[in-house]
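Close look at the chain arrangement
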Amino acid sequence: MEARHEYRQEHGHNCNHAEGSCVSLVPIFNHLEAEQMVEIMSVVKSISFKRGEIIYRAGEESDSLFIVNKGKIRIYRLSESGKEQLVRILNPGDFMGEYALFSKSTHESYAEAMVHTEVCMVNYSDLQELLVKYPTISLKVLSEFSSRLEQSEKQTTRFATEKVDTRIALFLAECLGNKDQSVITLPMNKKDLASYLGTTPETISRKLAELAELEEEGLIKQKSNKEIEVLDLNELLLV
């Protein structure tokens with residue numbers, strides 16, 4: 001724990017310019033006025049992490065809000081047996097450690113940089129002052145809590161009720177997001193995808209290999225190893 005805080009002090013620096021700050025990216029802040037944004041930027045620290053570096057561990061004190069500026073972070077938990085369960089992947093504009101907005105607590109998961117990653121950090125005391133001055137921040141965070149809870153419940157239900165094929169199809173549908181979009185770029189490798197969907201990497205490899213059958217049926221088109229074009233989403237969900 002102490003070493004981690006020393007790292008922050010040695011490598012952190014103030015985000016003093018709007019272009020380099022991730023404050024404007026995150027929904028809990030970007031609704032504020034320009035002068036309010038400048039005030040928030042004055043208490044933000046920027047930190048860099050190498051690929052594979054742990055940002056925080058389960059059991060450590062959650063005393064800061066982290067916002068992804070560049071890169072990608074995987075959030076995961078470990079069972080008592082050591083089995084890993086991927087919770088979510090964070091991209092630029094996403095945030096973690098949000099419980100620090102309300103009270104000091106401990107992390108229940110691990111956060112690991114998937115690539116070279118830059119995050120902005122706001123500590124607990126500064127967050128409390130911001131919440132008092134700008135209550136709308138709390139409302140934005142509660143909205144994010146609600147969204148994450150809904151996603152977590154969906155994930156749990158699928159583990160219990162859906163076969164792997166259906167889980168993969170639903171995941172692809174969610175990756176589309178925008179109905180006008182048809183090309184999916186898989187956001188994670190097979191190991192992480194297997195963990196996220198509650199199966200094994202071997203099963204994922206086998207199921208992705210079977211996508212050729214779906215291509216023959218005119219439901220999808222594989223553009224590359226990580227890019228899939230969905231040609232008929234409704235039929236795909238019935239597979």
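Residues numbered from 1 in each chain as written. Predicted model: local features only at pLDDT ≥ 70, side-chain atom pairs only at ≥ 80, totals over all residues. Heavy atoms only, no water.

Under the annotation held in an unreviewed UniProt entry, the protein chain carries the name Cyclic nucleotide-binding domain-containing protein and is attributed to Ornithinibacillus caprae.

Okay, the sheet that holds strand β14 (residues 227-230) next. Taken together, the 3 strands give an open sheet; going across it, the order is β12-β14-β13, and neighbouring strands pair in antiparallel fashion. This sheet does not close on itself; its edge strands, each paired only once, are β12 (183-185) and β13 (220-222). Between one strand axis and the next, the sheet turns by 25° as a mean value, whatever way the strands run. Pairing of β13 with β14, which is carried by 3 bridges, proceeds in the antiparallel orientation. Bridge pairing in β14 links I220 to V230. Each of β12 and β14 touches helix α5 (residues 164-176); the most contacted strand, β12, lies at about 105° to it. (Pairing = 2+ DSSP bridges. Helix = DSSP H or I, 4+ residues; strand = E, 2+ residues; numbered from the N terminus. Axes fitted to C-alpha atoms, helices over the stretch in contact; angles between N-to-C directions. Contact = heavy atoms within 4.5 Å.)

This brings us to empty space enclosed by the protein. Counted according to the given criterion, the structure contains 1 cavity of 30 Å³ or more. Looking at the largest cavity, its volume works out to about 50 Å³. As for the largest cavity, its lining consists of Q151, Q155, R158, F159, R167, Y196 and L197. At the level of elements, α4 (136-161) and α6 (190-197) are the ones that each hand at least two residues to the lining of the largest cavity. No other element matches α4, which puts 4 residues into the lining of the largest cavity. The class makeup of the residues in the lining of the largest cavity is 3 nonpolar, 2 polar and 2 charged. (1 Å grid on protein atoms, 1.4 Å probe; cavity = no way out; pocket = protein on both sides within 12 Å on 5 of 7 lines; lining within 4 Å. Points joined across faces, edges and corners; volume = space filled by probe spheres on them. Nonpolar A, V, L, I, M, F, W, Y, C, P; charged D, E, K, R; others polar.)

Enumeration according to the criterion identifies 3 aromatic pairs in this entry. Summarising the aromatic geometry, the rings of Y76 and Y110 are spaced 5.3 Å apart at their centres and angled 10° between planes, so their arrangement reads as stacked. Note that Y76 is positioned in strand β6 (residues 73-78) and Y110 in strand β10 (residues 110-113), a separation of 34 residues in sequence. Given the relative accessible area of 7%, Y76 is considered buried. (Phe/Tyr/Trp six-rings, centres within 6.5 Å; stacked < 30°, edge-to-face > 60°. Buried < 20%, exposed > 50% of the residue type's maximum accessible area, 1.4 Å probe, protein only.)

Another point: the pattern of salt bridges. Under the definition given, this model contains 6 salt bridges. We note a salt bridge from E39 to K133, for which the minimum N-O separation is 2.7 Å. Separated by 94 residues along the polypeptide, E39 in helix α2 (residues 34-41) and K133 in helix α3 (residues 124-133) bring together distant segments of the chain. Overall, the relative accessible area of 47% leaves K133 in the partly exposed class. Across the salt bridge formed by E108 and R77, the nearest N and O atoms sit 3.2 Å from each other. Of this pair, E108 sits in the loop between β9 (105-106) and β10 while R77 sits in strand β6, placing them 31 residues apart in sequence. Given a relative accessible area of 58%, E108 falls into the exposed group. A relative accessible area of 41% means that R77 is categorised as partly exposed. Bridged by salt links that share partners, the residues R74, E84, E112, K191 and D192 form one connected network. (Salt bridge = Lys/Arg side-chain N within 4 Å of Asp/Glu carboxyl O.)

A separate point is the environment of G218. Take G218: it is sitting in the loop between α8 (211-216) and β13. The exposure class of G218 is partly exposed, given its relative accessible area of 35%. Along the primary structure G218 and E235 are separated by 17 residues, whereas in three dimensions their C-alpha atoms are 9.6 Å apart. Dropping the residues within four chain positions of it, G218 is found in contact with L231 and D232.

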